[in-house]
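# Structural overview for review
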Amino acid sequence: MTLTSDQTLLWTETTSSMGLGGRMPSQSREERRRRRRATPKYRCAHASRERVRVVAFNVAFAELRKLLPILPPDKKLSKIEILRLAIRYISYLSHVLDV
Amino acid sequence: FSSKAKRRRIITVVQRQAANVRERKRMFSLNEAFDELRRKVPTFAYEKRLSRIETLRLAIIYISFMMDLLE
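Every chain is numbered on its own, with residues counted from 1 as its sequence reads. For naming, the first written chain is A and the first written ligand is 1, with later ones following in the order written. With the structure being a predicted model, the display of local features is reserved for residues of pLDDT at least 70 and the display and counting of side-chain atom pairs for 80 or more, all residues being used for whole-chain, interface and lining totals. Excluding hydrogens and water, the side-chain values take into account all heavy atoms of the structure.

- Labelled according to an unreviewed UniProt entry, chain B appears under the name BHLH domain-containing protein, originating from Periophthalmus magnuspinnatus.

- Under an unreviewed UniProt entry, the name given to chain A is BHLH domain-containing protein, and the organism recorded is Periophthalmus magnuspinnatus.

## Regarding the overall build of chain B
- Helices and strands together make up the secondary structure of chain B, namely two helices and zero strands.
- Radius of gyration here uses only the C-alpha atoms, and the compact-globule reference equals 2.2 Å multiplied by the residue count raised to the power 0.38. In terms of overall dimensions, chain B is more spread out than a globule: its C-alpha atoms have a radius of gyration of 21 Å, far above the 11 Å expected for 71 residues.
- Looking at chain B residue by residue over its 71 residues, the buried ones come to 20%.
- The Shrake-Rupley method, run with a 1.4 Å probe sphere, supplies the accessible areas, and residue values consider only the shown protein chains as cover. Entry remark: accessible area of chain B is about 6,100 Å², with carbon and sulfur atoms responsible for 56%.
- If you average the places of the 17 positive and of the 8 negative side-chain charges in chain B, the two averages end up 19 Å apart. Only DSSP runs of H or I covering at least 4 residues are called helices, and only runs of E covering at least 2 are called strands; the numbering of each starts at the N terminus. Three exposure classes are used, based on accessible area relative to the maximum for each residue type with a 1.4 Å probe and protein chains only: buried under 20%, partly exposed in between, and exposed over 50%. When charges are counted, Lys and Arg contribute as positive and Asp and Glu as negative, whereas His and the chain ends are disregarded. Every charge is mapped onto a representative atom, which is NZ of Lys, CZ of Arg, CG of Asp or CD of Glu.

## Considering the packing of helix α4 (residues 79-98) of chain A against helix α1 (residues 13-40) of chain B
- For the pair α4(A) and α1(B), interaxial distance at closest approach is 9 Å and the crossing angle is 20°. Taken together, the axis directions place α4(A) and α1(B) in an arrangement best described as roughly parallel. The chirality of how α4(A) crosses α1(B) is left-handed. Residues K79(A), I80(A), L83(A), A86(A), I87(A), I90(A) and S91(A) of α4(A) pack against S29(B), L30(B), A33(B), F34(B), E36(B), L37(B) and K40(B) of α1(B).
- The residue classification treats Ala, Val, Leu, Ile, Met, Phe, Trp, Tyr, Cys and Pro as nonpolar and Asp, Glu, Lys and Arg as charged. All others, Gly included, are polar. For the contact of α4(A) with α1(B), a count of residues per class yields nine nonpolar, two polar and three charged. Here an angle of 0 to 180 degrees is reported between the N-to-C directions of two axes, which are lines fitted to C-alpha atoms, with helices fitted over the stretch in contact. An angle below 35 degrees is read as roughly parallel, one above 145 as roughly antiparallel, one from 65 to 115 as roughly perpendicular, and any other as oblique. Rotating anticlockwise by less than a right angle from the far helix to the near helix defines a left-handed crossing, while the corresponding clockwise rotation defines a right-handed one. Throughout, a contact is declared for two residues whenever any of their heavy atoms are within 4.5 Å.

## Quick word on the interface of chain A and chain B
- Tallying the contact residues gives 20 residues for chain A and 21 residues for chain B.
- Once two parts are joined, some of their accessible surface, as seen by a 1.4 Å probe, is lost; buried area is that loss totalled over both. Of the roughly 1,900 Å² buried where chain A meets chain B, counting both sides, 87% is carbon and sulfur surface.
- When a carboxyl oxygen of Asp or Glu is within 4 Å of a side-chain nitrogen of Lys or Arg, the pair counts as a salt bridge. The tally of links between chain A and chain B comes to zero salt bridges.
- For the side of chain A that touches chain B, the elements supplying multiple residues, two or more each, are α3 (40-67) and α4 of chain A.

## Digging into the UniProt feature "domain: BHLH" (unreviewed entry) in chain B
- Following the UniProt record, the feature "domain: BHLH" (unreviewed entry) maps to residues 14-66 of chain B here.
- Secondary structure within residues 14-66 of chain B divides into 79% helix and 0% strand; the distance between the first and last C-alpha atoms comes to 49 Å. UniProt positions are given in the numbering used here, feature names are shortened, and annotations may be inferred rather than shown by experiment.

## A word on the layout of surface pockets
- Definitions used for this entry: grid spacing 1 Å over protein atoms alone; cavity, a set of points where a 1.4 Å probe fits but cannot get out; pocket, an open set with protein on both sides within 12 Å along at least 5 of 7 lines; lining residue, one with an atom within 4 Å of a point. Grid points are joined across faces, edges and corners, and a volume is the space filled by probe spheres set on the points. Estimated volume of the largest pocket: approximately 150 Å³.
- Lining the largest pocket, in full, are R53(A), V54(A), F57(A), N58(A), K79(A), R26(B), M27(B), L30(B) and R52(B).
- Counting only elements with at least two residues in the lining of the largest pocket, the list comes to α3 of chain A together with α1 of chain B.
- A per-class count over the lining of the largest pocket returns four nonpolar, one polar and four charged.

## Thoughts on a positive patch on the surface
All names here are of chain A.
- A patch is a set of surface residues, each over 30% in relative accessible area and not in a salt bridge, joined within 9 Å for like charges and within 5 Å for the nonpolar side chains Val, Leu, Ile, Met, Phe, Trp and Tyr. A cluster of like positive charges, contributed by R29, R32, R36 and R37, occupies part of the molecular surface.
- Mapping R29 onto the fold places it in helix α2 (residues 29-38).
- Of the residues examined, R29 reaches a relative accessible area of 57% and is grouped as exposed.

## Brief notes about the pattern of salt bridges
Residue and element names in this part refer to chain A.
- What the rule picks out here adds up to seven salt bridges over all chains.
- Where R34 meets E30, a salt bridge forms, and the shortest distance between an N and an O atom there is 3.7 Å. Taken together, the positions of R34 and E30, both in helix α2 and four residues apart, correspond to about one turn of that helix.
- Assessed through its relative accessible area of 30%, E30 is described here as partly exposed.
- For the salt bridge of R53 with E50, the shortest nitrogen-to-oxygen distance reads 3.0 Å. Here R53 pairs with E50, and both are found in helix α3, just three residues apart, close to one helical turn.
- The exposure class of E50 is partly exposed, given its relative accessible area of 33%.

Written out as structure tokens, the structure reads:
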């Protein structure tokens, strides 16, 4: 008799919670991870890391915008516009260079 | 005059769902544009697929490089 994947998952989670199979702690890896992530300290640090990540992302968009020949040079472009213009500009530049 | 006390924004479930759908569509078209930019930029092998931030940074380098070549 072969177990389905759902049955296998239930079996491993139950036995590891019970401390069988050489696992001494009562919590599975997944449960330990959830505990660790639930604390306010972790959430705070994670939010911080996410803010830094988003800022870096937006800075990269701004740097790309600076390279695009759009008048006026300080015209605000949305992210999707920056991407689409960059695609067209790259096509244009490589076309010019290939001649 | 605007009131000093901030009104709490009441939003229905239907409005929230509609907003979620709009946002999903917006993200989908943004990610499609990222895919297109990935195709224009060197190293488009699927196993080494560039992340979004890497795609932006490489596009910056690549465009600067091509502009320098034009001088």
